[in-house]
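Residue-level structure breakdown
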Amino acid sequence: MYEPIRTKSVHSTMAGTTSDFPHRTREEELEFQLAGHLAALLAVTDELRAASPSADLDAAADRLAEQVTRLRNGSTPARASGGGDGRLAPLHRRAHALAGRALVVAASRADTAAAILAAERMDAHAAALAEPRELTAAG
C-alpha cells in the first residue's frame, strides 16, 4: 500500500555533528529565562514606583534586583527612572503576568527563592487590581 522511501532524506540530523555555536544546557536556559522575566518585572515595578510610590514596591524592587543580580552572576540589572504616566491598572496587569511567567520558570528549575518572590508579587498585583481606589496615581 505504501511505497518505502528509496532515496536519502534531504533532512539531516544533528547526531554526530559538531556545531560552530555554543549550546546552553536546559538549566542554563531556564536560568536565562528566569533572569529575563524577573528583569522585566523589575522594570514594571520601577514604573509603578514612579507613578505611585510605596514602601512595598521599594522593597519588592530591591528583592527583584537582588535575584536578577544572583541569576546573572553578579551583573546588576538596568533600572528604570523617570515618572510614570498614571495608568496603574495596565502596569499591575503586566506585572501580574510577568510574575506568573517567572513563577513557572522558577518552579521548573526548583529555585525556591525566586518562586516565593514571584508568587508574592502575583498576590500583590492581584490585590492592587482588586482595589479600584489604588489604581489611580496619587498626585
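Okay, so let's go over this structure. Keep in mind the model is a prediction, meaning the values are calculated, not measured.

What counts and how
- Along each chain, the written sequence defines residue order, and numbers are assigned to residues from 1.
- Thresholds applied to this predicted model are a pLDDT of at least 70 for local features of residues and 80 or more for the giving and counting of side-chain atom pairs; totals over whole chains, interfaces and linings are not thresholded and use all residues.
- Hydrogens and waters are ignored; side-chain quantities use all the structure's heavy atoms.
- Every angle, taken between N-to-C directions, lies between 0 and 180 degrees, and every axis is a line fitted to C-alpha atoms, over only the stretch in contact when it is a helix.
- Comment: elements are numbered from the N terminus, with helices defined as DSSP H or I runs of at least four residues and strands as E runs of at least two.
- Here is the rule for handedness: rotate from the far helix to the near one, and if that takes an anticlockwise turn smaller than a right angle the crossing is left-handed, while a clockwise turn gives right-handed.
- Two residues qualify as a contact provided that any one of their heavy atoms is within 4.5 Å of a heavy atom in the partner residue.
- Residue polarity is assigned by list, with Asp, Glu, Lys and Arg as charged and Ala, Val, Leu, Ile, Met, Phe, Trp, Tyr, Cys and Pro as nonpolar; anything else, Gly included, falls into the polar class.
- Accessible area is worked out with a 1.4 Å probe on protein chains only. A residue is then buried under 20% of its type maximum, exposed over 50%, and partly exposed in between.
- Contacts described as polar in this section are N or O atom pairs within 3.5 Å, which, within protein, must combine one atom able to donate a hydrogen with one able to accept it, while residues neighboring in sequence count only if both atoms come from side chains.
- The salt bridge criterion pairs a side-chain nitrogen of Lys or Arg with a carboxyl oxygen of Asp or Glu, the two atoms within 4 Å.

**Brief notes about the packing of helix α1 (residues 26–51) against helix α4 (residues 112–130)**
Their axes nearest at 12 Å, the elements α1 and α4 cross at an angle of 35°. Note on packing geometry: the crossing formed by α1 with α4 is left-handed. On α4, the residues touching L34, L38, L41 and L48 of α1 are A114, R121 and H125. Grouping the amino acids of the contact of α1 with α4 by side-chain chemistry returns 5 nonpolar, 1 polar and 1 charged.

**Remarks on the side chain of Q67**
By secondary structure assignment, the location of Q67 is in helix α2 (residues 55–71). Relative accessible area serves as the criterion here: at 9%, Q67 is assigned to the buried category. Not counting residues within four places of it along the chain, the set of residues in contact with Q67 comprises L38, A113, A114 and L117.

**A closer look at the environment of Q67**
Spatially, the C-alpha atom of Q67 lies 9.7 Å from that of P77, the residues being 10 residues apart in sequence. At 2.6 Å, the side chain of Q67 forms a polar contact with the side chain of R70.

**Topic: the pattern of salt bridges**
Applying the stated rule across the entire model yields 10 salt bridges. Residues R109 and E27 are paired through a salt bridge, measuring 2.9 Å at the closest nitrogen-oxygen approach. Residue R109 is located in the loop between α3 (88–108) and α4, and its partner E27 is located in helix α1; the two are separated by 82 residues in the primary sequence. Among the residues examined, R109 registers a relative accessible area of 12% and is labelled buried. A residue is classified by how much of its surface remains accessible, and E27, at 36% relative accessible area, is partly exposed. Between E31 and R109 there is a salt bridge whose closest N-O contact spans 3.1 Å. On the criterion of sequence distance, the pair formed by E31 in helix α1 and R109 in the loop between α3 and α4 is long-range, its members being 78 residues apart.

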